[in-house]
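Architecture and fold: a report
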Amino acid sequence: MKSGIHPENYRLVAFKDMSNEDVFITKSTVETKDTLTVDGVEYPLFKMEISRTSHPFYTGKSKLVDTAGRIDKFRSKYASRK
């Protein structure tokens, strides 16, 4: 491994899947502003819209995640073009 090309600021970070509230903790260099307390320990928090616990490829279920109302925005935008 080459020296001097890898980041030095690895730390434990909590990643939270916002679609199903699943939380997992791993080392990362991601920049965060929020924190989350897990088992009495406070971790930097990174919020995700989809992860391995909610992605259809990993779960085997076809699930539509519409967290921002994108489908409704699309339908209202193109409803007049029928």
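The shown structure was predicted, so the numbers you read here are calculated from the model rather than taken from an experiment.

Definitions and limits used
- Residues numbered from 1 in each chain as written.
- Predicted model: local features only at pLDDT ≥ 70, side-chain atom pairs only at ≥ 80, totals over all residues.
- Heavy atoms only, no water.
- Helix = DSSP H or I, 4+ residues; strand = E, 2+ residues; numbered from the N terminus.
- Contact = heavy atoms within 4.5 Å.
- Areas by Shrake-Rupley, 256 points an atom, 1.4 Å probe, with all protein chains shown as cover.
- Phe/Tyr/Trp six-rings, centres within 6.5 Å; stacked < 30°, edge-to-face > 60°.
- Buried < 20%, exposed > 50% of the residue type's maximum accessible area, 1.4 Å probe, protein only.
- Patch = residues over 30% accessible without salt bridge, like charges linked within 9 Å, V, L, I, M, F, W, Y side chains within 5 Å.
- Salt bridge = Lys/Arg side-chain N within 4 Å of Asp/Glu carboxyl O.
- Pairing = 2+ DSSP bridges.
- Axes fitted to C-alpha atoms, helices over the stretch in contact; angles between N-to-C directions.

1. Things to note about the overall build of the protein
- Of the regular secondary structure elements, the protein holds two helices and four strands.
- For the protein, the share of sequence-separated contacts (at least 6 apart) that also reach a separation of at least 24 residues comes to 34%.
- Surface exposure of the protein reaches about 6800 Å², of which carbon and sulfur atoms provide 52%.

2. Observations concerning the packing of aromatic side chains
- The tally for this structure, following the rule as stated, stands at three aromatic pairs.
- Seen from their ring centres, phenylalanine 15 and phenylalanine 24 are 5.5 Å apart, and the 10° between their planes marks the pair as stacked.
- The exposure class of phenylalanine 24 is partly exposed, given its relative accessible area of 24%.
- A connected cluster of aromatic rings, assembled from ring pairs, spans Phe15, Phe24 and Phe46.

3. Some words on a nonpolar patch on the surface
- Nonpolar side chains collect at one region of the surface, where Leu12, Val23 and Ile25 lie side by side and expose about 210 Å² of accessible area between them.
- Tracing the backbone through its elements, the reader meets leucine 12 in strand 1 (residues 11-17).

4. Notes on the pairing of strand 3 (residues 34-38)
- Note that strand 3 and strand 4 (residues 41-48) share five bridges and pair antiparallel. Paired with aspartate 34 across the strands is leucine 45, a residue of strand 4.

5. What about the sheet that holds strand 1?
- On the basis of which strands lie adjacent, the open sheet formed by four strands has the order 2-1-4-3 and mixed pairing. Two strands in the sheet have a free side with no partner beyond their single neighbour: strand 2 (23-28) and strand 3. The sheet shows a mean angle of 45° between the axes of neighbouring strands, taken without regard to direction.
- As paired strands, strand 1 and strand 2 are joined by six bridges and run antiparallel to one another. Paired with valine 13 across the two strands is threonine 26, which belongs to strand 2.

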